[in-house]
Amino acid sequence: MRLLVTGGAGFIGSNFVHYVLSHTEHTVTVLDKLSYAGNLASLDGLDPARFRFVLGDIQDASLIATLTPDHDAIVHYAAESHNDNSLSDPRPFLESNIIGTYTLLEAARASGIRFHHISTDEVYGDLDLDDPARFTENTPYNPSSPYSSTKASSDLLVRAWTRSFGVRATISNCSNNYGPYQHVEKFIPRQITNVLRGERPRLYGTGENVRDWIHADDHSSAVLTILERGVVGETYLIGADGEKNNRSVIELILTQLGHPADAYDLVADRPGHDLRYAIDSAKLRTSLGWVPRFADFETGLADTIAWYRNNEAWWAPHKDAAEARYRTQGQ
Ligand code: NAD
Ligand code: TDX
């Protein structure tokens, strides 16, 4: 396949591009506007015979119309992705996540190419800590933040364009990713790079909030599976049974880096902070035979810590700006 990957200079998109080029024969064009979260250095070293980069915005319909004839599928990662930013300035989230997705759907409709939409478990809202239920494809939408409500909006647009206009689309909703190339504003890279710089990790509220962690490579293999074998019109949840509360993740990072497990600070909680996410990925595993490879979070986390230790030149230029934003929020 010839894949047009939007947002391929971001965290999960760049991991997907590396994964596709090393595990398949597909070719990749990345379309990315290089927002503060996009980084061309995340795409260094790729084979120019199978990879090219196009600078541009997913809201630019005429640019996208020039790209669709040369591709078989759009894999749509581009989005404003950080909940905290969506609380301080929601507008870019509406523009990129809703209007951007609409623009790409219109391009898929006009050209007839396959469309895969990358979304999040946050569209389902949150669960109580002791709730035995996990999210499934049938859980009602109930997003909490400006970010998750724009992702929910984009999912609904994809469903409508499939039903009303016959766009050949699939959707995946994945849990929290970790791995290399994640922006230092996000939880795990923020804490790792704080400790590497001699600063204390910052835990929101009491740290009891639970996230369901999956390695970015497992997310990539799941998306590839859906692209190659998924049924058009279907939604698939992606998760790897990785539930952990935030406090235990910070304690693991500190101990893996040789510090006392309690050497962190409690800071102001995120307004509207979702308590717990948990994914039941039985449909993807049963119907498409997908299995995650990174079963052990502690090993995956150790690899990720090693990556940040060895790639300071990648993250250091962005660290001060991210921390300056957090300081204005008391976090
Ligand atoms: P990211 O913020 O690291 O990267 C987003 C990329 O999209 C950046 O390269 C940015 O430049 C680009 N982009 C943003 N707006 C654009 C626009 N209008 N036009 C062109 N490019 C644009 O995000 P991420 O964490 O890699 O998330 C990627 C996707 O995966 C998002 O759709 C997100 O909702 C989804 N997702 C993320 C997670 C997670 O844990 N990070 C989990 C589930 C789903
Ligand atoms: O410094 C911090 N301290 C802290 O306790 C930060 C940055 C976060 N947190 C908490 C908030 C969350 O409970 O850690 C948890 C994870 O925070 P984020 O990395 O901001 O992720 P989250 O809000 O869970 O959303 C992520 O997963 C779902 C991605 O950013 C989304 O794009 C994806 O849809």
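Cut-offs applied
- Residues numbered from 1 in each chain as written.
- Chains lettered and ligands numbered in written order.
- Predicted model: local features only at pLDDT ≥ 70, side-chain atom pairs only at ≥ 80, totals over all residues.
- Heavy atoms only, no water.
- UniProt positions renumbered as here; feature names shortened; annotations may be inferred.
- Helix = DSSP H or I, 4+ residues; strand = E, 2+ residues; numbered from the N terminus.
- Rg over C-alpha atoms; globule rule 2.2 N^0.38 Å.
- Buried < 20%, exposed > 50% of the residue type's maximum accessible area, 1.4 Å probe, protein only.
- Contact = heavy atoms within 4.5 Å.
- Areas by Shrake-Rupley, 256 points an atom, 1.4 Å probe, with all protein chains shown as cover.
- Pairing = 2+ DSSP bridges.
- Salt bridge = Lys/Arg side-chain N within 4 Å of Asp/Glu carboxyl O.

Taking an unreviewed UniProt entry as the reference, the protein chain is identified by name as dTDP-glucose 4,6-dehydratase belonging to Candidatus Lumbricidiphila eiseniae. Listed under Sequence similarities (unreviewed entry) in UniProt, the entry text for the protein chain is "Belongs to the NAD(P)-dependent epimerase/dehydratase family. dTDP-glucose dehydratase subfamily."

(A) The arrangement of the overall build of the protein chain in detail. On a plain count of helices and strands, the protein chain comes out with eleven helices and 13 strands. Taking 331 residues into account, the globule formula puts the C-alpha radius of gyration at 20 Å, and the protein chain, at 19 Å, falls close to it. Here the C-alpha coordinates of the protein chain stretch approximately 55 × 45 × 40 Å along the principal axes. Counting all 331 residues of the protein chain, 55% fall into the buried class. Excluding contacts between residues fewer than 6 apart, the proportion of contacts in the protein chain whose partners are at least 24 apart in sequence is 80%. When the accessible surface of the protein chain is split by element, carbon and sulfur atoms take 50% of a total near 13400 Å².

(B) Quick peek at the UniProt feature "domain: NAD(P)-binding" (unreviewed entry) in the protein chain. The feature "domain: NAD(P)-binding" (unreviewed entry), as annotated in UniProt, sits at residues 4–303 in this numbering. Secondary structure within residues 4–303 divides into 39% helix and 17% strand; the distance between the first and last C-alpha atoms comes to 29 Å.

(C) Geometry of the pairing of strand E6 (residues 169–174). The buried fraction of E6 amounts to six of the six residues, a majority that puts the element mostly inside the structure. Side-chain alternation along E6 places Ala 169, Ile 171 and Asn 173 on one buried face and Thr 170, Ser 172 and Cys 174 on a second face that is also buried. Judged from the six bridges that link them, strand E5 (residues 114–120) and E6 form a sheet pairing that is parallel. Counterpart to Ile 118 in the pairing with E6 is Ser 172.

(D) Inspection of the environment of His 259 at higher detail. Topologically, His 259 is positioned in the loop between helix H8 (246–256) and strand E13 (265–267). According to the relative accessible area criterion, His 259 is partly exposed, its value standing at 35%. When the C-alpha atoms of His 259 and Tyr 181 are compared, they prove to be 24 Å apart, with 78 residues separating the residues in sequence. With residues up to four places along the chain from it excluded, the contact list for His 259 reads Val 195 and Leu 254.

(E) Structural detail: the pattern of salt bridges. Applying the stated criterion across every chain, the model contains 14 salt bridges. Ionic pairing is found between Arg 270 and Asp 84, a salt bridge with its closest N-O pair at 2.7 Å. Taken together, the residues Arg 270 in the loop between E13 and helix H9 (282–288) and Asp 84 in helix H3 (residues 83–88) connect sequence positions 186 residues apart. Asp 84 carries the same exposure label as Arg 270, and that label is buried. Across the pair Lys 319 and Glu 323 runs a salt bridge, and its minimum N-O distance is 3.1 Å. Placement of the pair is Lys 319 and Glu 323 together in helix H11 (residues 312–328), with a separation of four residues, close to one helical turn. Each of Arg 134, Asp 241 and Arg 285 takes part in a single network of salt bridges with overlapping partners.

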